[in-house]
Protein chains: 2
Amino acid sequence: MPIYSAPARDTRFVVNEVLDLASYAGLPGFESATPDMIDTVINEAGKFCSEVLAPLNQPGDEHGCTRHEDGSVTTPPGFKEAFEQFREAGWGTISAPEEFGGQGMPHVLGFVIEEFISSANQAFGMYPGLTNGAVSALLAKGSPEQQAKYVPKMIANEWLGTMNLTEPQCGTDLGLIRTKAEPQADGSYAITGTKIFISAGEHDLTDQIVHLVLAKTPGAPDSTKGISLFVVPKLLVNDDGSLGDRNGVSCGSIEHKMGIHANSTCVLNYDGAKGWLVGEENKGLAAMFIMMNAARLGVGIQGFSQAEAAYQNAVAYALDRRQGRALTGPSEPEEKADPIIVHPDVRRMLMDGKAFTEGFRALALWGALLVDLSHKAETEEERAEADLLLGLMTPVIKGYGTDKGFETAVNMQQVFGGHGYIKEWGMEQFVRDARITQIYEGTNGIQAMDLCGRKLAQNGGAAVQAFFKLVGEEASAAKGDETLGPIAERLEKALNEQQAATMWFMQNAMQNPNNLGAGAHHYMHIMGIVTLGLMWLRMARVAQEKLAEGVEDKAFYEAKLVTARYYAERFMPDAGALRRKLEAGSEAVMALGEEAFSTAA
Amino acid sequence: MPIYSAPARDTRFVVNEVLDLASYAGLPGFESATPDMIDTVINEAGKFCSEVLAPLNQPGDEHGCTRHEDGSVTTPPGFKEAFEQFREAGWGTISAPEEFGGQGMPHVLGFVIEEFISSANQAFGMYPGLTNGAVSALLAKGSPEQQAKYVPKMIANEWLGTMNLTEPQCGTDLGLIRTKAEPQADGSYAITGTKIFISAGEHDLTDQIVHLVLAKTPGAPDSTKGISLFVVPKLLVNDDGSLGDRNGVSCGSIEHKMGIHANSTCVLNYDGAKGWLVGEENKGLAAMFIMMNAARLGVGIQGFSQAEAAYQNAVAYALDRRQGRALTGPSEPEEKADPIIVHPDVRRMLMDGKAFTEGFRALALWGALLVDLSHKAETEEERAEADLLLGLMTPVIKGYGTDKGFETAVNMQQVFGGHGYIKEWGMEQFVRDARITQIYEGTNGIQAMDLCGRKLAQNGGAAVQAFFKLVGEEASAAKGDETLGPIAERLEKALNEQQAATMWFMQNAMQNPNNLGAGAHHYMHIMGIVTLGLMWLRMARVAQEKLAEGVEDKAFYEAKLVTARYYAERFMPDAGALRRKLEAGSEAVMALGEEAFSTAA
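Predicted model, so just to flag it, every value in this text is computed and none were measured. (Residues numbered from 1 in each chain as written. Chains lettered and ligands numbered in written order. Predicted model: local features only at pLDDT ≥ 70, side-chain atom pairs only at ≥ 80, totals over all residues. Heavy atoms only, no water.)

Draft legend 1. Layout of the domain arrangement of chain A. Domains assigned within chain A are domain 1 (8–141), domain 2 (157–282) and domain 3 (443–589). Centre-to-centre separation of domain 2 of chain A and domain 3 of chain A, based on C-alpha positions: 40 Å. (Domains from an automatic or database assignment.)

See below:
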């Protein structure tokens, strides 16, 4: 059975020392996020995750969800009880707005909890996780009546939510959706169509499930400009808020997937189900993006969360398993063999895991802080700046985070040798579960196009220029320092690669947009490398300061400096290679006729 | 249901035009490998694989193997019948020596068939595949009596073979094995112990299974110098060759694995089983390596075979699935959306798949030719040279081939978006099956150490110097050419990176062997990039010649030139980044104390 314990020490480091949350105490909600309160949240949420959720992860994978003949779905044994505990403890309400029953604390804390939950049990975490996205859309676009009706119950996790976008003939290209919404005399709409891949589409954790559904009204334009968003509850809600009749939506089947077996991925059939328009007609795409952006940050955390869980297990295995001898001579001569952590190639994999997970934790929580600042910063200018950066970071957090999260899970499985391939050890589940994060809520190819095709160009490139300035200034400030200098210099070099790649896009994408498309994925990775590099420089700076102050747990801060150096040496060189690939352009990518891809004949 | 058809055209290209097998017609066994014969083999083996084996792949994965209470194991429905067809057609005998009933044809053809079988059904291919390794060991080290008794039946696939190395407490470090071999009065040994992860350890495809087992005789040195190899048949063989009593070996359980479910991976319990020493006492490791080297080439092919199968399906899906529009304007305006192959990022993934699979096919079959030449070349010098290169290439074919094979399978799954995650489409099985190839027959970390710690230094670096000369000369000869020049220049650049990395090892590994260990995996990848680069240069040269001659299927050869360029532009830049990581050395890799890897507390 795999282990999991919440990375409490590292989380405190990022929240209290790197982000310095206390310095934002003047902003609404931050005042209550004191170091003591943060400790309590970390410890209590961590305990729940390691003691309740983690033990259900492997059995949940084996058991999966069960659809019954009446269309109802039961989650794996223990999930319902665990969800009750989750709900009662209010873990889902931490950063939700107070006027709807939330605790109004910073999103930073919400993201901390999301990481822990997802590391312990990704399939479980998806049930409340998707609700967050649905709530965001209702808060942004729903009418006051809709908000009053749905949001408090959803925030309290008495009801859960879903996002219904995909149909058999359309995933990425939402202009192709066929689900129809016919206006009814009472102001509602009759929703008819088939939605697929609906995570948590049907289950037994709550009586009510609130579906947010994209559909087309009669005569709507035949493109993404003709999509509207509807709220379609599984059970109709009476005027007094009590639950009424069953609505015309049902689970047709559960998909058989590579992983996340404990989350019910449903085909949902809408058969004249009663729905209500959320926001304006034909403006569904904008509402969907609000839901989606929240979900994308969550998916980035999921990918990384599997890397973290896999990393913890790989470390434990590498310390326990004995094979061979250190190249420099036996480390434990009295034993028949040394623990495999003495082998440089095992170390390399573990250091890769450490450098990615710790670096990405800093990035994810910085992203959370940007969410908070985009809503709560004092001035309009600060809010706009945070929003700009957040928009730029979202595809990087989702795309780079899940690509590297999967890669890390695979490498941590590799540490186990043959045992990593055996189900009992749990490593292969981390790999299978992590794999979906590169795919859903927009494949990573879509993230790359969001980054390069939209975010780079927005406001005349204001976001990426702000990012360049940020990285450039921090790197420049650290360059003279003996310890930070080598890290800063490599970061500056990687930044130069990104700037050159950006320039190349500007010079070559206008004449041929395929030049952008063929390099977008590489660009996303370059930016991921630079961004995590910035995080490592920040962490190294804080570690250096703490060591100068004379802290007690010196080893923790010294390890940060070593890992920052490792990151600079072993992650950053890829930026140059990626730039060269990108600058090769689209010619060879696009040159072949379709028949040239066939291997037979 | 996923598709598969044997890549007949490309295989003919590599065998007849790139390797020019006809030019070796003077060597034994090659004279019968005429282009007509090769065509027949490709077509017939291809047909069997696509029509019989491929349809069993997905059902086999779902059904798995079943162990019964008496310890017997049944393979999935259809496997036994398919194996009968395989055996009757003699596909396992193609390149086996004629004096033991084989057809004595070049290994090149054997490898062609191995690829097709493994692409169609990796788990099936492992049953006869492991037998090849066992046969190699018996041919090299067995007594004439042992060879006569076992080899003809094994080559005819009337009996199948296994390799028994791993035990619960030891995988990589075979010095730790505990299985005992007690000498008996009749010259046999009583074998007692537990072996795990034994592929095809028990099944119903043949009555007899011939286990090759590593064990320790009484008083043997407590290291790899105390290991002996034994042949332990499941059923004792009577003097007349008929099958007798059951031997004391039984299947204790079948492992639950991430993939290759249709191959029975067994725990085998030896309880005083009768075994016979193969070769000399305490010299088992050398015999094991013969078995292992054959198996490692086979595993390299397996990894690549899953990439090929996944690639074929990704191409079909990308041509069929319609989402969005080409960035340069609708490619099929009359349809609601374009096929996704118009999107540069989808193309990038497909071109990555094409460049890797075609490049690696050329490498694998060149490797097979080296196997042939190491035995059959006219002069001792030529045989030694082929053997030297083969030894150098083996860890690259296994390690780089399976790392990239897995990566390719993952990327091909990505082309499917959400559907790639659904079992029904079969893509996730390719990923799960490919994953084992990075692990078994020596993890890829072990391959990297075999390459850097043993092969680079052997005979004063003769092998790698011969490789540098080969690549250098071919690149140099092509540099002035308008078409080949850019490819050759990039290859030369990658070669320079490898040479610099080699030099760095020489200068830094002596003083601290961790510098070698920390860079070995990177080095293996640099060498993989250079080697595939050499293959692409060769293929481009042949394509250029054919186009100059004025061939009919121009498109095929033009596609080779485009793909060679793509490979040069998109694979080769990594060599420089990998060198920089390698040259960072082991300091940051090894600096941390063990406690620094813990994330809790």
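So much for the structure itself; the text now carries on.
Draft legend 2. A positive patch on the surface, seen in detail. On the surface, Arg490(A), Lys493(A), Arg580(A), Arg490(B), Lys493(B) and Arg580(B) cluster together into a patch of positive charge. Positionally, Lys493(B) belongs in helix α13 (residues 485–508). (Patch = residues over 30% accessible without salt bridge, like charges linked within 9 Å, V, L, I, M, F, W, Y side chains within 5 Å. Areas by Shrake-Rupley, 256 points an atom, 1.4 Å probe, with all protein chains shown as cover. Salt bridge = Lys/Arg side-chain N within 4 Å of Asp/Glu carboxyl O. Lys, Arg positive; Asp, Glu negative; His and termini not counted. Charge placed at Lys NZ, Arg CZ, Asp CG, Glu CD. Helix = DSSP H or I, 4+ residues; strand = E, 2+ residues; numbered from the N terminus.)

Draft legend 3. Expanded view of the environment of Val396(A). Residues and elements named next belong to chain A. When you line up the elements, Val396 lands in helix α8 (residues 380–415). Its relative accessible area of 0% is what places Val396 among the buried residues. Spatially, the C-alpha atom of Val396 lies 26 Å from that of Tyr4, the residues being 392 residues apart in sequence. Other than its neighbours up to four places away in sequence, Val396 contacts Gly401, Leu451, Met527, Gly528 and Thr531. (Buried < 20%, exposed > 50% of the residue type's maximum accessible area, 1.4 Å probe, protein only. Contact = heavy atoms within 4.5 Å.)

Draft legend 4. Representation of the side chain of Thr443(A) in the model. Along the chain, the position of Thr443(A) falls in the loop between α9 (427–435) and α10 (444–455). The contacts of Thr443(A), once residues within four sequence positions are left out, are Lys398(A), Gln438(A), Gln414(B) and Gly417(B).

Draft legend 5. Expanded view of the relation of the copies chain B and chain A. Under the fitted operation, chain B is carried onto chain A by 0.0 Å of movement along the axis and a turn of 180°, and the coordinates agree to an RMSD of 0.0 Å. Taken together, the turn and the small shift mark the pair as related by a two-fold rotation axis. Taking the C-alpha atom as reference, chain B places Ala577(B) closest to the rotation axis, 3.0 Å from it. (Least-squares fit on C-alpha atoms with pLDDT ≥ 70 in both.)

Draft legend 6. Quick peek at unusual backbone geometry. Residues and elements named next belong to chain B. Within the chain, Asp20 stands out as a residue other than glycine whose phi angle is a positive 55°. One can find Asp20 in the loop between α1 (8–18) and α2 (35–63). Despite not being glycine, Ile260 has its phi angle at roughly 35°, a positive value. Mapped onto the fold, Ile260 is located in the loop between β10 (249–254) and β11 (265–278).

Draft legend 7. Molecular detail of the interface of chain B and chain A. Listed as interface residues are 101 residues of chain B and, on the opposing side, 101 residues of chain A. Between chain B and chain A, roughly 8900 Å² of surface is buried when both sides are summed, and carbon and sulfur atoms account for 59% of that area. Our enumeration of links across chain B and chain A arrives at 6 salt bridges. Here Glu587(A) ties to Arg565(B) by a salt bridge, and the two come within 3.0 Å at their closest N and O atoms. (Buried area = accessible area lost by both parts, 1.4 Å probe.)

Draft legend 8. Molecular detail of the nonpolar core. Counting residues in hydrophobic clusters, the biggest one holds 415 residues, and the most contacted among them are Leu350(A), Tyr523(A), Leu350(B) and Tyr523(B). Among all residues touching Tyr523(A), those that are not within four sequence positions of it are Leu451(A), Cys452(A), Leu456(A), Val464(A), Phe468(A), Gln498(A), Ala501(A), Thr502(A), Phe505(A) and Leu582(A). (Core = buried A, V, L, I, M, F, W, Y, C linked by side-chain atoms within 4.5 Å.)

Draft legend 9. Layout of the packing of aromatic side chains. Residue and element names in this part refer to chain A. Going through the model one piece at a time under the given rule, you end up with 41 aromatic pairs over all chains. With centroids separated by 6.4 Å and ring planes inclined at 35°, the aromatic side chains of Phe48 and Phe86 adopt a geometry described as tilted. In this pair, Phe48 is assigned in helix α2 (residues 35–63) and Phe86 in helix α3 (residues 79–89), connecting sequence segments 38 residues apart. Comparing Phe48 with Phe86, the two get one shared label, buried. Note on Phe467 and Phe468: the rings are 6.4 Å apart at their centroids and 55° apart in plane angle, and the pair reads as tilted. Residue classification places Phe467 among the buried positions, given a relative accessible area of 0%. Judged by relative accessible area, Phe468 falls into the buried class, the value being 8%. Taken together, Phe48, Phe79, Phe83, Phe86 and Phe124 form an aromatic cluster joined through their ring pairs. The side chain of Lys149 reaches across the aromatic face of Trp276, ending 5.3 Å from its centre. (Phe/Tyr/Trp six-rings, centres within 6.5 Å; stacked < 30°, edge-to-face > 60°. Lys NZ or Arg CZ within 6 Å of the ring centre and 35° of its normal.)

Draft legend 10. Seen up close, a negative patch on the surface. Negative charge collects at one region of the surface, where Glu378(A), Glu381(A), Glu382(A) and Glu385(A) lie side by side. Mapped onto the elements of the fold, Glu381(A) is located in helix α8.

Draft legend 11. Structural context of the UniProt feature "domain: Acyl-CoA dehydrogenase/oxidase N-terminal" (unreviewed entry) in chain A. Using the residue numbers shown here, the UniProt feature "domain: Acyl-CoA dehydrogenase/oxidase N-terminal" (unreviewed entry) corresponds to residues 45–158 of chain A. What you have in residues 45–158 of chain A is 68% helix and 4% strand, and the ends, taken at the C-alpha atoms, are 19 Å apart. (UniProt positions renumbered as here; feature names shortened; annotations may be inferred.)

Draft legend 12. The arrangement of the pattern of salt bridges in detail. Residue and element names in this part refer to chain A. What the rule picks out here adds up to 75 salt bridges over all chains. Here Glu332 makes a salt bridge to Arg322, at a shortest N to O gap of 2.8 Å. Placement of the pair is Glu332 in the loop between α6 (284–320) and α7 (344–376) and Arg322 in the loop between α6 and α7, with a sequence separation of 10 residues. The exposure class of Arg322 is partly exposed, given its relative accessible area of 26%.

Draft legend 13. Expanded view of the environment of Ala584(B). With respect to the helices and strands, Ala584(B) occurs in the loop between α17 (573–583) and α18 (587–590). With 10 residues separating them in the primary sequence, Ala584(B) and Asp574(B) have C-alpha atoms 16 Å apart. Residues within four places of Ala584(B) in sequence aside, it is in contact with Glu569(A) and Arg570(A).

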